[in-house]
Amino acid sequence: MSIPSQKVSSSNKLIYQRLKQAIDLNLRRQIFIAACDDLCLRDCLAARLQTELAAESAGSHPRSPIDYPRFVSLELDLSDPNPWGSIAAWLTQHPPPQNRGSYSPVPGFQILGAEHLTRQSAAVQWSFLSYLRDIEANLQMCESTLLLWVSRPWLSSIEQSAPEFWHWRTGVFEFEGEPTPAKGDFGHFEDLGNSGDLRNLRDSGDFGNKLLISSLSGQSPIADEQSPISYPPSPAPDSQSVQLADEEPSPISHPPSPAPDSPSIQLADLVLAAASEDLEGENDAASEENFLPLQTLQYIELLQEHQCCSEALALAYHGLGNYYRDRILGGDVSEQNLTIAIRAIEQVIAYLDVDTNSQQNQPLTEECARLIAQLTENLTQYAQESNSLPPISDLLNDLGTLYWMLSRDRTNALNASDPVSSLERSIALYLEGLNRTDAETVPQTRVRLNKNLGIASADLARYRDKTENLQHAVAAYQQALLDLDPAVEPQQYAAAQNNLATAYWNLAQDGEPIVYLKSAIAAYTQALSCYSPEREPLNYAGVQNNLGTACWNLAQHQPSEPLLVRAISAYREALKYRTRELVPAAAAATYNNLGTAYWHLANQFQQKQARTESLQQAITAYEAALDIAAEIDRTKLTFDALAARNNLGLAHYQLAIDPDFATNKVAQTSHLEAALHHQLQVCAEWGQNLNDKGLTYGDKLNLQAAANSQAADSRQTALSYIVKTIRAFYSECGLPGQNLALSKVPGDLLPEILRRL
């Protein structure tokens, strides 16, 4: 095949390099689609691919006495446009050598000539798409690489009308260029001898900025080229249960390698899809690191090809799982990374179980050992360092934790996994891990499993069977505490006590509040005995805040001034370390809690001067909470800012009508004006909330949502206190006071306020 000459843009050179690098990986079942409307450019690129890949093969160590090609170009037969048939015919005519000294995969194939289908009958075009849709029945032909060259209109038609083929694609590469008419005699090119520009297309040895491109340009079909026919898309295959159809005997003269099981194929698809996105980065160093999972996949394929022992496969999958686990621990907690890590560890456990249940391992053949050693030399630290496996109970713990993390992942809310099923799977894995522990298991493993079991059970309680699952959480935390010595592991002990106390607090919200709240207070107190504010100030402050809330909550069921005083003391201690500079959202929440505790203390137990001082302390705390809340994203708040502003207005109102202020008209008027200001602010913020969502006050349907309903309640409360405040203005300051108050009410609220007055 001679090499045509063509000027190539820098962007096309880069895309070519990525395509060549992708083919160089030589992984099993790589399906690439290359779209190019400029046929001269396409011919140039296809010829260069075959030349360079053949040159690399010839330059490597001989793989057999016969020079067997690495990459083959085939022309589509327009009378029967069956790419699978063309590949089968070539393999029949060119059987691989029988006595190969080392691993030699089936060559890759590029299919050319699809653009000629545009001028064929609708029946021929339909036949081509039908062959593509039949990909699963012909996957044995795609043990290496298939590259299909098409024009952009055909790219769109394949996506719409051959979804089965589109589903199996590894990457799509789109080259820039103006459309040219299809040649009548494809496959014979005139070498113009000007190949200077083409030398720049050689791979420089870098990984490039991108590798597998899985995106469409979105361009419409080119106007001056007849578009291929478009048919209603066939149902896409279920990606969750990809199965190979029964295959007819292959024309390959040597027996085909055994196909890996469905979970390993699905995992390989996930890894390839993730690598295709990762390798689109601009940093070469990052791209180099992103080749690690692809190299590990190659290692796994080799082990499966030669039916190596289960332990070797388990080690390889463990290395793959570790790569994605480290990415997750580094902060890249995406559903994609979690799913790949989960599937990899599931494969580890499956192969370990096979190893355990089998009477004896299949002996490692000399050829298998040599091939494994040969490829391992090229693998990176992730595969090399995975030379030992952790105990099965630790693997089950890690797998359960990944499922738990998946239940909390909301990076893609529209397609987020069902949290209930993920939590149920997580709990089952923790329980299985506990069942697999024995006398030799280190106590830390049981502690981790029980603590994690408690966390997952408490999370499941948010969705169903609240009391039952919280009781399971309590039992799990108690079991963890039995294996913990507070003198040896104070932090672990304190964390378990804090979690236990929180489970008790949640149980108290549904029944037997006094019993459960007392248990929560006792557990929080135990946690504080092991947390040092100097070493762990934020953990210490968090438990102090929780202790304050438990004391305040118990005071609502068992009224007690000492309990409220203890709650206030705990909140103030927490605020020494929960500062607005370090953790603004947490500080705002604690200030809000402090204000509420002071307000209840003033209204339930105190008289005269003490009551006035507590209300003033409540005002100061609420103002601090709202001041911090105004500076941060509202979605980060863990309390209702509108309710806090209502409470602030109420505290001002109560001070204004206090008999001790009757003789101080200036202070009284000041508190009334402050009360009215905050109450009107609640209504204004509620209105802004509706505007942000494109709603109106009369849009009753949209007020059914919990958040909207809560905001509506705050507005109604605020309106009631606005009316009371205006009446207080009239009572204390006469008609001028009432007119002053009404002058501050916005016009849209006046009709509603006047009706209530």
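No experiment lies behind these values; they were computed from the predicted model shown. (Residues numbered from 1 in each chain as written. Predicted model: local features only at pLDDT ≥ 70, side-chain atom pairs only at ≥ 80, totals over all residues. Heavy atoms only, no water.)

Draft legend 1. Fine view of the packing of helix α14 (residues 392-408) against helix α16 (residues 443-460). The geometry of α14 relative to α16 is characterised by a closest axis approach of 10 Å and an angle of 25 degrees between their N-to-C directions. Between α14 and α16, the angle is such that the two are roughly parallel. Note that α14 runs across α16; the crossing there is left-handed. Here α14 contributes Ser-393, Asp-394, Asn-397, Thr-401, Trp-404 and Arg-408 to the contact with α16, which in turn contributes Thr-445, Arg-448, Leu-449, Asn-452, Ile-455, Ala-456 and Asp-459. A breakdown of the residues in the contact of α14 with α16 according to their chemical character gives four nonpolar, five polar and four charged. (Axes fitted to C-alpha atoms, helices over the stretch in contact; angles between N-to-C directions. Helix = DSSP H or I, 4+ residues; strand = E, 2+ residues; numbered from the N terminus. Parallel < 35°, antiparallel > 145°, perpendicular 65-115°, else oblique. Left-handed = near helix turned anticlockwise from the far one by under 90°. Contact = heavy atoms within 4.5 Å. Nonpolar A, V, L, I, M, F, W, Y, C, P; charged D, E, K, R; others polar.)

Draft legend 2. Structural view of the packing of aromatic side chains. Summed over all chains, the structure comprises nine aromatic pairs. Seen from their ring centres, Trp-149 and Phe-175 are 5.8 Å apart, and the 25 degrees between their planes marks the pair as stacked. Of this pair, Trp-149 sits in strand β4 (residues 145-150) while Phe-175 is found in the loop between β5 (171-174) and α7 (262-278), placing the two residues 26 residues apart along the sequence. Ring plane angle 85 degrees and centroid distance 4.9 Å describe the contact between Tyr-323 and Tyr-324, whose orientation is recorded as edge-to-face. The exposure class of Tyr-323 is buried, given its relative accessible area of 3%. (Phe/Tyr/Trp six-rings, centres within 6.5 Å; stacked < 30°, edge-to-face > 60°. Buried < 20%, exposed > 50% of the residue type's maximum accessible area, 1.4 Å probe, protein only.)

Draft legend 3. Quick look at the nonpolar core. Residues Leu-500, Tyr-524, Leu-594 and Phe-639 are the most contacted members of the largest nonpolar core, which totals 64 residues. Those elements that provide at least two residues to this core are α17 (466-482), α18 (490-508), α19 (513-530), α20 (537-557), α21 (561-575), α22 (584-604), α23 (608-629) and α24 (641-656). Among the nonpolar cores identified, the runner-up in size contains 44 residues, and Ala-268, Tyr-323, Ile-349 and Leu-399 belong to it. (Core = buried A, V, L, I, M, F, W, Y, C linked by side-chain atoms within 4.5 Å.)

Draft legend 4. Highlighting the confidence of the model for the protein. Looking at the protein as a whole, the pLDDT averages 76, with 73% of positions reaching at least 70. This model gives residues 282-286 a pLDDT under 50, and the stretch forms four contacts once residues within four places in sequence are excluded. Contacts of residues 382-386 to residues separated by more than four positions or lying in other chains number 12 contacts, the stretch itself having pLDDT below 50. (pLDDT = per-residue confidence, 0-100.)

Draft legend 5. The packing of α23 against α24, seen in detail. For the pair α23 and α24, interaxial distance at closest approach is 9 Å and the crossing angle is 150 degrees. In this view, α23 runs roughly antiparallel relative to α24, as classed from their interaxial angle. Between α23 and α24 the crossing geometry is left-handed. From α23, Arg-611, Thr-612, Leu-615, Gln-616, Ile-619, Tyr-622, Glu-623 and Leu-626 reach across to α24, where they touch Ala-641, Ala-644, Arg-645, Asn-647, Leu-648, Ala-651, His-652, Gln-654 and Leu-655.

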